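Given next are the chains, with one letter for each unit.
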Amino acid sequence: MRSPESMDADFDTVLHGGEVFVGQGLARCDIGIRAGRIAALAERIAGGRTRFDAAGRWVLPGGVDAHCHIDQPPNPGSAARGAQMADDFASGSRSAAFGGTTTILPFAPQFKGQSLRAAVAAYHARAEGRSHVDYGFHLIVSDPTQEVLAQELPALAAEGYTSVKIYLTYEALRLSDLQVLEVLDAARQCGTLTMVHAENLDCILWLTERLERQGRTAPRYHADSRPMLVEREATFRAVALAELAEAPLLIVHVSGREAIEVIAGARARGLPIVAETCPQYLFLGSEDLHAEDGAKCMCSPPPRARENAPFVWRGLQSGALSLVSSDHAPYRFDESGKLKYGPKASFRFIANGIPGLETRLPLLFSEGVMAGRLTLAEFVELCCTAPARLYGLLPRKGQIAVGADADLALWDPQRRTVIDNALLHHNVDYTPYAGMAVTGWPTHVWLRGELVCADGELRGRPGQGRFLRRGRHGIPLRAAP
Ligand code: URP
Ligand code: ZN
Ligand code: ZN
């Protein structure tokens, strides 16, 4: 940070008097913004066409939510086919912004028989002109043909689509081990990061059929149909396949201790394996599925028993887990979404996923930073900088530094909020975190220097968010042991 008494260069906006997260901690610092970027960081900055008083507040980088599902077309082969996501790009991104997130990475899904190019074009049409925050796309690869692997992946990587998600579960999406190896190899060659949903489909099908024969079809049995062992096995296998292919791998939505141990072991051996977890594995438990409306907490992997959460916190503290994303999957608790097949439908036919774009940062800030489980530097790393780095968005996103985009969230670190769906800005009719009291909430959010939200009011407009062409992933190929 420069420390002249004043800098009088002409700025569009100056945020002054705040405690700003620079380097590894907070410092009293002014921020000069010009043409959407941070142009100066200094003790005192004069001028500015707009001056904003940030005294008493913390200025943190805008969050990067690297795993969310928005307006994702339903897969015709899925058991819960027909369930519609409630958030389009306007409502999903609005909700992200009010929660302090300024970059989102949702998924363009490829259906069997479709080219990746067509999947990307169809998804752009959904996003175009609607987003309040910047966005990039991951690609979901469900049909890895030779054309996809040899032509489309490299061409799309060159255009900024540098991550693909593959699945070891869901009948319409699951790849064989051979296909996984082929994707890992092709992705490695073009600098694309493979993300994996690690649950063993055959184990899930076998357990589901047994539960259904026993008449155990209520939402609570969703957790019994995919226990930790099923995730542990798939995590172990995904790591082994990545090791064989000498490819980097990011394991998404890791839910608990046994999978974390597999990942920590792989990292200790120097493999380029990184892993993500989500708030539902810190704040929900399998017990929540027992409620009458337990479907509201149904996601895959499922929330584990409450005793599991301390292991997930430890995974974040130790570095076994590298980032926290929301895995926002917005289904309403009505016949358009969770209850598409009626209130008594078997868990097999209930759409998986829970909303969380807006609550991700406040929950982590409150129960992480304010409760003393994470340092502020760890919070920023897990929720902003690491996702930007891993997915090829540094230096523009995920940090407060000269030259970076002026994506900023002004936090009131003492603000007490009892989470209530009426406070949120998504289009889902519930939040699984209703009733939780949190300390700290972002009150103002800027995207590339423009105010998007201020004290609960929307100041931005749909279409303000731009598509991000991302660079190569940021996983070092020989991670330090
Ligand atoms: O249950 C979940 N996680 N739904 C979203 C889709 C996925 O696999 O991430
Ligand atoms: Zn998944
Ligand atoms: Zn997901």
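This structure is a prediction, so every number in the text was calculated from the model and none was measured. (Residues numbered from 1 in each chain as written. Chains lettered and ligands numbered in written order. Predicted model: local features only at pLDDT ≥ 70, side-chain atom pairs only at ≥ 80, totals over all residues. Heavy atoms only, no water.)

1. Quick notes on unusual backbone geometry
Where we set the bar: Elements are defined by DSSP. Helices are runs of H or I of four residues or more, strands are runs of E of two residues or more, and each kind is numbered from the N terminus. Each residue is assigned to one of three classes by its accessible area relative to the maximum for its type, calculated with a 1.4 Å probe on protein chains only: buried under 20%, partly exposed between the two thresholds, exposed over 50%.
Note that the residue after Ser 300, namely Pro 301, is joined by a cis bond; omega there is -10°. Along the chain, Pro 301 falls in the loop between helix H9 (280-283) and helix H10 (309-318). Leu 394 connects to Pro 395 through a cis peptide bond whose omega is 0°. Its location among the elements puts Pro 395 in the loop between helix H12 (376-390) and strand S16 (408-418). Positioned with a positive phi, Ala 35 is a non-glycine residue whose angle comes to about 50°. Taking the relative accessible area as the measure of exposure, Ala 35 reaches 68% and is therefore exposed. Here the phi dihedral of Arg 448 falls at roughly 45°; this positive angle occurs in a residue that is not glycine.

2. Let's talk about the coordination of the zinc ion (ligand 3)
As a reminder, the rule being used: Sodium, potassium and calcium take a 3.2 Å donor cutoff, other metals 2.8 Å, and in both cases only N, O and S atoms count; water is not among them, so sites may look incomplete. All geometry calls rest on donor angles, where a four-donor set with angles between 85 and 135 degrees is tetrahedral, four- and six-donor sets with opposite donors more than 155 degrees apart and all others between 65 and 115 are square planar and octahedral, and all else is irregular.
The coordination sphere of the zinc ion (ligand 3), as far as protein atoms go, consists of His 67 (NE2), His 69 (NE2) and Asp 327 (OD), spread over 2.0 to 2.1 Å. For the zinc ion (ligand 3), the 4 donor atoms in the first shell make angles of 89 to 127° at the metal, a pattern classed as tetrahedral. Within one chain, the residues serving as donors to the zinc ion (ligand 3) are arranged as H-x1-H-x257-D. Metal-to-metal, the separation of the zinc ion (ligand 3) and the zinc ion (ligand 2) is 4.0 Å. For the residue pair His 67 and His 69, the accessibility class agrees, reading buried in each case.

3. What about the coordination of the zinc ion (ligand 2)?
Coordination of the zinc ion (ligand 2) by the protein involves Lys 165 (NZ), His 197 (ND1) and His 253 (NE2), with metal-donor separations of 2.1 Å. Sequence positions of the residues that donate to the zinc ion (ligand 2) give the spacing K-x31-H-x55-H.

4. As for the domain arrangement of the protein chain
Inclusion rule: Note that the domain bounds reflect an automated or database-derived domain assignment. Contacts: residue pairs with any heavy atoms within 4.5 Å of one another. The quantity reported as buried area is the accessible area (1.4 Å probe) lost by two parts once they are put together, taken as the sum for both. One speaks of a salt bridge when a side-chain nitrogen belonging to Lys or Arg is within 4 Å of a carboxyl oxygen belonging to Asp or Glu. Polar contacts here mean pairs of N or O atoms no more than 3.5 Å apart (in protein, one a potential hydrogen donor and the other a potential acceptor; neighbouring residues in sequence count only if both atoms are side-chain atoms). Gly is placed with the polar residues, together with every amino acid not listed as nonpolar (Ala, Val, Leu, Ile, Met, Phe, Trp, Tyr, Cys and Pro) or charged (Asp, Glu, Lys and Arg).
Parsing the protein chain into structural domains produces domain 1 (13-62 + 398-458) and domain 2 (67-139 + 199-377). Placing a centre on the C-alpha atoms of domain 1 and another on those of domain 2 gives a separation of 27 Å. Every contact between the two is made by 39 residues of domain 1 and, on the other side, 41 residues of domain 2. Considering only the surface of domain 1 that becomes buried against domain 2, His 425, Tyr 430 and Tyr 433 emerge as the three largest contributors, covering 22% of it. We note a salt bridge from Arg 448 to Asp 134, for which the minimum N-O separation is 2.7 Å. Applying the counting criterion to the domain 1 and domain 2 interface returns 10 residue pairs in polar contact (both at pLDDT 80 or more). Of all the secondary structure elements, the ones that give two or more residues to the side of domain 1 that touches domain 2 are strand S5 (58-61), S16, strand S17 (437-447), strand S18 (450-454) and strand S19 (457-458). Among the elements that line the side of domain 1 that touches domain 2, the one with the most residues is S17, at 9 residues. Grouping the amino acids of the side of domain 1 that touches domain 2 by side-chain chemistry returns 25 nonpolar, 9 polar and 5 charged.

5. A look at the environment of Gln 414
With respect to the secondary-structure elements, Gln 414 resides in strand S16. When its relative accessible area of 54% is taken as the criterion, Gln 414 is described as exposed. Residues Gln 414 and Gly 440 lie 26 residues apart in sequence; the distance between their C-alpha atoms is 5.1 Å. Non-local contacts of Gln 414, meaning those with residues more than four positions away in its chain, are made with Met 370, Thr 439 and Gly 440.

6. Brief notes about the packing of aromatic side chains
Applied cut-off: In this analysis, rings of Phe, Tyr and Trp, with Trp reduced to its six-membered ring, are considered paired at centre separations within 6.5 Å, and the interplanar angle assigns stacked below 30 degrees, edge-to-face beyond 60, and tilted for intermediate values. Throughout this description, the term charge over a ring refers to an Arg CZ or Lys NZ atom that lies within 6 Å of the ring centre and within 35 degrees of the ring normal.
On inspection of all chains with the given rule, the structure shows 16 aromatic pairs. Seen from their ring centres, Phe 89 and Tyr 123 are 5.4 Å apart, and the 65° between their planes marks the pair as edge-to-face. Here the residue Phe 89 occupies a position in helix H1 (residues 89-98), and Tyr 123 occupies one in helix H2 (residues 116-127), the gap between them amounting to 34 residues. You can call Phe 89 buried: its relative accessible area is 0%. Residue classification places Tyr 123 among the buried positions, given a relative accessible area of 1%. Through successive ring pairs, a cluster of aromatic residues spans Phe 89, Tyr 123, Tyr 135, Phe 137, Tyr 161 and Phe 467. The ring of Phe 311 has Arg 257 lying over it, and the distance from NZ or CZ to the ring centre is 5.3 Å. Sitting over the face of the ring of Phe 333, Lys 296 holds its NZ or CZ atom 5.0 Å from the ring centroid.

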